[in-house]
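Geometric and topological summary
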Amino acid sequence: MTWYQYDIEAIVQRYAQGYFLMAEDTGDSLGWYSSQQRTLIPLDDRFRYPRSLQRVLNQNRFSVAIDRAFSEVVDGCADRDTTWISGELKVIYHELHRAGYAHSFETWQGDELAGGILGIIVGGAFIGESMFYRIPDGSKVAMVKLVERLRDRQFVLFDAQMMNPHLARFGAYIVSNREYRKLLQRAAEIHPSLL
């Protein structure tokens, strides 16, 4: 893969202002987007998950890792019938990763990648870009374990961008763009480490 030169600090600054990158359905055009509402995953006692998932967690079938298979997670997140992760955006994610901003939070079953969450860290905010699974419950366990890690490391914000029924089951809630930007400003004042 050829590495192109992007202004990584400028890209991170745009994320810190509340924007996110997406490719159009055709994958030809990459642009910056914002939304009137943002979906957050709670890092407090509002976070919840189905009882059936607690049984899976109790079985310890999955282990977790960070950045063990970053490229595979990016590819897994992009592998859909319709994706906003174009080839160019993959390159940007890799450059953000090399600069220490983009990370993959993974679940493993033995030596097999079970699922993962791709995200960008801006201060104390984890901006979730996408998630995927190869083994049932792989991404759900990743969600629970990532929330535990973010709490432990004193992150203040877990942005999931857009609401869907899957995220709602974890207690996801919607905030206005104005409130989101206030939270981002607060998150920018601290610099915890995911690793």
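One structure accompanies this document, and this report is about it. (Residues numbered from 1 in each chain as written. Predicted model: local features only at pLDDT ≥ 70, side-chain atom pairs only at ≥ 80, totals over all residues. Heavy atoms only, no water.)

Time to look at the overall build of the protein. A count of helical and extended segments in the protein gives 7 helices and 9 strands. Taking 2.2 N^0.38 as the reference for a compact globule, 195 residues should give roughly 16 Å; the C-alpha atoms of the protein span a radius of gyration of 16 Å, in line with that estimate. Principal axes of the C-alpha set define a box for the protein whose edges measure 45 × 40 × 30 Å. Within the span of the protein, comprising 195 residues, buried residues form 49% of the whole. Of the contacts formed within the protein by residues at least 6 apart in sequence, a portion of 73% connects residues at least 24 apart. Summed over its atoms, the accessible surface of the protein is roughly 9900 Å², and 45% of this surface lies on carbon and sulfur atoms. For the protein, the distance from the average site of its 22 positive side-chain charges to the average site of its 24 negative ones is 9 Å. (Helix = DSSP H or I, 4+ residues; strand = E, 2+ residues; numbered from the N terminus. Rg over C-alpha atoms; globule rule 2.2 N^0.38 Å. Buried < 20%, exposed > 50% of the residue type's maximum accessible area, 1.4 Å probe, protein only. Contact = heavy atoms within 4.5 Å. Areas by Shrake-Rupley, 256 points an atom, 1.4 Å probe, with all protein chains shown as cover. Lys, Arg positive; Asp, Glu negative; His and termini not counted. Charge placed at Lys NZ, Arg CZ, Asp CG, Glu CD.)

For the coordinates displayed, the defined rule picks out 5 aromatic pairs. On the numbers, 5.5 Å between centres and 75° between planes, the contact of tyrosine 15 with tryptophan 32 is edge-to-face. One end of the pair, tyrosine 15, is in helix α1 (residues 8-16); the other, tryptophan 32, is in strand β2 (residues 30-33), and 17 residues separate them in sequence. Taking relative accessible area as the criterion, tyrosine 15 reaches 1% and is therefore assigned buried. Through a chain of ring-to-ring contacts, the aromatic side chains of Phe47, Tyr49 and Phe170 assemble into a single cluster. The cationic tip of arginine 46 hangs over the ring face of tyrosine 173; the distance from NZ or CZ to the ring centre is 4.4 Å. Between arginine 181 and the ring centre of tyrosine 19, over which it is positioned, the NZ or CZ distance is 5.1 Å. (Phe/Tyr/Trp six-rings, centres within 6.5 Å; stacked < 30°, edge-to-face > 60°. Lys NZ or Arg CZ within 6 Å of the ring centre and 35° of its normal.)

A few words on the environment of arginine 181. Its place among the elements puts arginine 181 in helix α7 (residues 177-187). Separated by 162 residues in the primary sequence, arginine 181 and tyrosine 19 place their C-alpha atoms 9.8 Å from one another. Leave out the neighbours within four places in its chain, and arginine 181 touches Gln17, Tyr19 and Ser34.

So, about the packing of helix α2 (residues 51-58) against helix α5 (residues 138-152). One can describe the packing of α2 onto α5 by two numbers: an axis separation of 11 Å at closest approach and a directional angle of 85°. The angle between α2 and α5 falls in the class roughly perpendicular. Contacts between α2 and α5 involve Leu53, Val56 and Leu57 on the former and, on the latter, Lys140, Val141, Val144 and Lys145. Of the residues in the contact of α2 with α5, the class split is 5 nonpolar, no polar and 2 charged. (Axes fitted to C-alpha atoms, helices over the stretch in contact; angles between N-to-C directions. Parallel < 35°, antiparallel > 145°, perpendicular 65-115°, else oblique. Nonpolar A, V, L, I, M, F, W, Y, C, P; charged D, E, K, R; others polar.)

A separate point is the sheet that holds strand β3 (residues 37-40). One open sheet accounts for 7 strands, arranged β4-β5-β6-β7-β8-β3-β9; its pairing is mixed. Each edge of the sheet is formed by a strand with only one pairing partner; in this case those strands are β4 (63-66) and β9 (173-176). Here the average twist between neighbouring strands, direction ignored, is 35°. Both strand β5 (residues 102-109) and strand β6 (residues 112-122) contribute to a ladder of 8 bridges, which runs antiparallel. Residue pairing across strands places glutamate 106 opposite glycine 116, the latter belonging to β6. Packed onto the sheet, helix α3 (residues 70-78) meets β5, β6 and β7 (125-133) and runs at close to 90° relative to β6. This element, α7, spans β3, β6, β7, β8 (157-161) and β9 of the sheet and lies at about 90° to β9. (Pairing = 2+ DSSP bridges.)

Considering all chains together, one arrives at 9 salt bridges under this definition. Here arginine 68 ties to aspartate 111 by a salt bridge, and the two come within 3.9 Å at their closest N and O atoms. In this pair, arginine 68 sits in the loop between β4 and α3 while aspartate 111 sits in the loop between β5 and β6, placing the two residues 43 residues apart along the sequence. Bridged by salt links that share partners, the residues Arg61, Asp137 and Lys140 form one connected network. (Salt bridge = Lys/Arg side-chain N within 4 Å of Asp/Glu carboxyl O.)

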